[in-house]
Every structure is written in structure tokens, then in C-alpha cells.
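# Analysis of the macromolecular model
One letter stands for each residue in the lines below.
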Amino acid sequence: MIIAIDGPAASGKSTTAKGVSHILGIPYLDTGAMYRAITHIVLTKKFNIDDPLELKTLLNGIQIRFEIIKDENCIFINNKNVSSLIRSSDVTSNVSAVSAIPEIRESMVGLQRKIGRENGCVIEGRDIGTVVFPNADFKFFLVADVKVRAERRLLDLEKIGETKSLNELMNEIEKRDLLDSSRDHSPLIKAKDAIEINTGLLTINEQIEQIVKHITNIQNNKGN
Ligand code: CDP
């Protein structure tokens, strides 16, 4: 079973997808973490991604895998656990540019389809219901007011010891949404058949419950 969850930055996709995956007993795949991991490598190894040869070297030389450690879904790039490093502000402000490169997307989408098809998955990102799995069994699109999203991100950043103002975060989120939704290749867009959920007034548990309820209702209706 493939459950696609898309939506703009900080709309609650990761926490919701993890919760749904836990309740339904299906693996979870965070595609944003993959684009963040590549961005981390581009920044630390100083790859010039505008140069086709360097881009090729980058993509040929990286191996991405996920591993669950102490209940946390960790991402490894060339056997190095980069799970915390990919949440830095530096990565966040560069990831939209890196993920807009068609060759990078093609490589990641291939890997996402391979991982997803192995055992099914709850997979979250920007283009899952439109490009990665257009025939997903269930599609959801999470939205929320930018202020609510910035407040959530503020809490995330506090956990890794970074401080930012709410305004700064609102600007960053709006900028990233604009870049993600206006790029030529696989822009952030709601699939026609996705169910939209506004998470602004919901708690995490309510978001998870709503999605699980939709899935159960649709499955029950199909069975009748
Ligand atoms: O957690 P947050 O909403 O901040 O973002 P994320 O899901 O970690 O994704 C980080 C970035 O990766 C996004 O802003 C997009 O630029 C890119 N991304 C993408 O292009 N396609 C996806 N399927 C997932 C993420």
C-alpha cells in the first residue's frame, strides 16, 4: 500500500506520516530528508552543481540509505549518519535550489520508487502524489497558515539549539514555498485526487486520526 502525503514546508507532514506509519504498521519514507542529505554533501564538499561533470560525480559517488536507530528513522549518506546535520539552517536555505535540479530529482525519485515498492510505505514530500507515485492508493495534501508553520519550526529549531525570530522563519518558509511551487520540474502542487487537510487547528494526534479514518472509510467503501 502506498500512502502519499504532500504539502508545503513545515505543514506537519513528517510527524503525521510517522504516526500513520506507526498505526498502520507500514514503513515511513521522508523524501525531504533525501534532498536535504544531498544538499549537505553539496555544501560540505563544495560541489558546483551547475557543472554537469561535477553533478555526475556527485550523483555517482553517493549512496543513501535509511536505518531505524532507537525508534528514529536515521538517514545515512555513504555510511555516515547525517540525520541531525541535514536540519541546519544552512541546508534549509539551500535545499530548494538543489532539489530543483532535474538530474538530482530523477536519481532521488528512482530510489524513492524502489524503496516504496519493496514493502509499501507512507511517503511524504512535495511531488509524491503527482510524480513519484501518481497511482498511490491514498493521497493527502496538508496545508496550514504560514504563522502556524513558523511557530512549529521555531520549536523544532529550539531542540537543535538554534534561535530565530518568528518573522525570519515566516519569510524563509514563504520563500521556500515559492521556490518549490514555481520550479519547472515536479513543482509542489496538490494532486487532483488528493484529500486536503488543514492542520492549522488540529493537534498532531487529530491529524493522524483524520488520515487513518479517511483510509479506513475508503477501504470499507471499496469492500462494500
Ligand atoms: O520538513 P520541511 O517541510 O521543512 O521540508 P522537507 O520535507 O524536509 O523538504 C526539504 C526541501 O526538499 C523542500 O523545501 C523541497 O525543496 C525539497 N523536496 C522536494 O523537492 N521534493 C520532495 N519530494 C521533498 C522535498
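Residue positions are counted from 1 within each chain, in the order its sequence is given. Two thresholds apply to this predicted model, a pLDDT of at least 70 for residue-level local features and 80 or more for giving and counting side-chain atom pairs, whereas whole-chain, interface and lining totals are computed over all residues. Excluded from the side-chain calculations are hydrogens and water; all other atoms, namely the structure's heavy atoms, are used.

Strand pairing in a sheet relies on backbone hydrogen bonds, with the paired strands running either antiparallel or parallel. One open sheet holds the three strands; their spatial order is β3-β4-β5, and the pairing between them is antiparallel. Edge positions in the sheet fall to β3 (64-69) and β5 (80-81), since each of these pairs with one other strand and no more. The pairing criterion is simple: DSSP has to find at least two bridges between the two strands. To qualify as a helix, a DSSP run of H or I must reach at least 4 residues; to qualify as a strand, a run of E must reach at least 2; elements of each kind are numbered from the N terminus. Bridging between strand β4 (residues 72-77) and β5 involves two bridges; their strand directions are antiparallel. In the strand pairing of β5, F76 is matched with N81. Contacting β3 and β4, helix α2 (residues 31-44) runs over the sheet at an angle of about 40 degrees to β4. Residues are treated as being in contact if the distance between any of their heavy atoms lies within 4.5 Å. In this description, a line fitted to the C-alpha atoms serves as the axis of each element, helices being fitted only across the stretch in contact, and the angle between N-to-C directions of two axes falls anywhere from 0 to 180 degrees.

It is worth spelling out the pairing of strand β1 (residues 2-6) at this point. Across the five residues that make up β1, a large majority, five, are buried. Here β1 pairs with strand β6 (residues 121-125) via five bridges, running parallel. Residue pairing in the sheet places I5 in a bridge with E124 of β6. Examined bridge by bridge, β1 and strand β7 (residues 138-143) share four bridges and lie parallel to one another. Paired with A4 across the strands is K139, a residue of β7. Accessibility here uses a 1.4 Å probe with only protein chains present; expressed as a share of the type maximum, an area under 20% marks a residue as buried, one over 50% as exposed, and anything in between as partly exposed.

The subject of this paragraph is the sheet that holds strand β2 (residues 28-30). One open sheet accounts for five strands, arranged β2-β6-β1-β7-β8; its pairing is parallel. Every interior strand has two partners, whereas the edge strands, β2 and β8 (195-198), have only one. Mean inter-strand twist for the sheet, computed between neighbouring axes without regard to direction, equals 20 degrees. Taken together, the three bridges between β2 and β6 define a ladder with parallel strand orientation. Note on β6: the bridge partner recorded for Y28 is V122. Against the sheet, α2 makes contact with β2 and β6, and its axis sits at roughly 40 degrees relative to β2, the strand it touches most.

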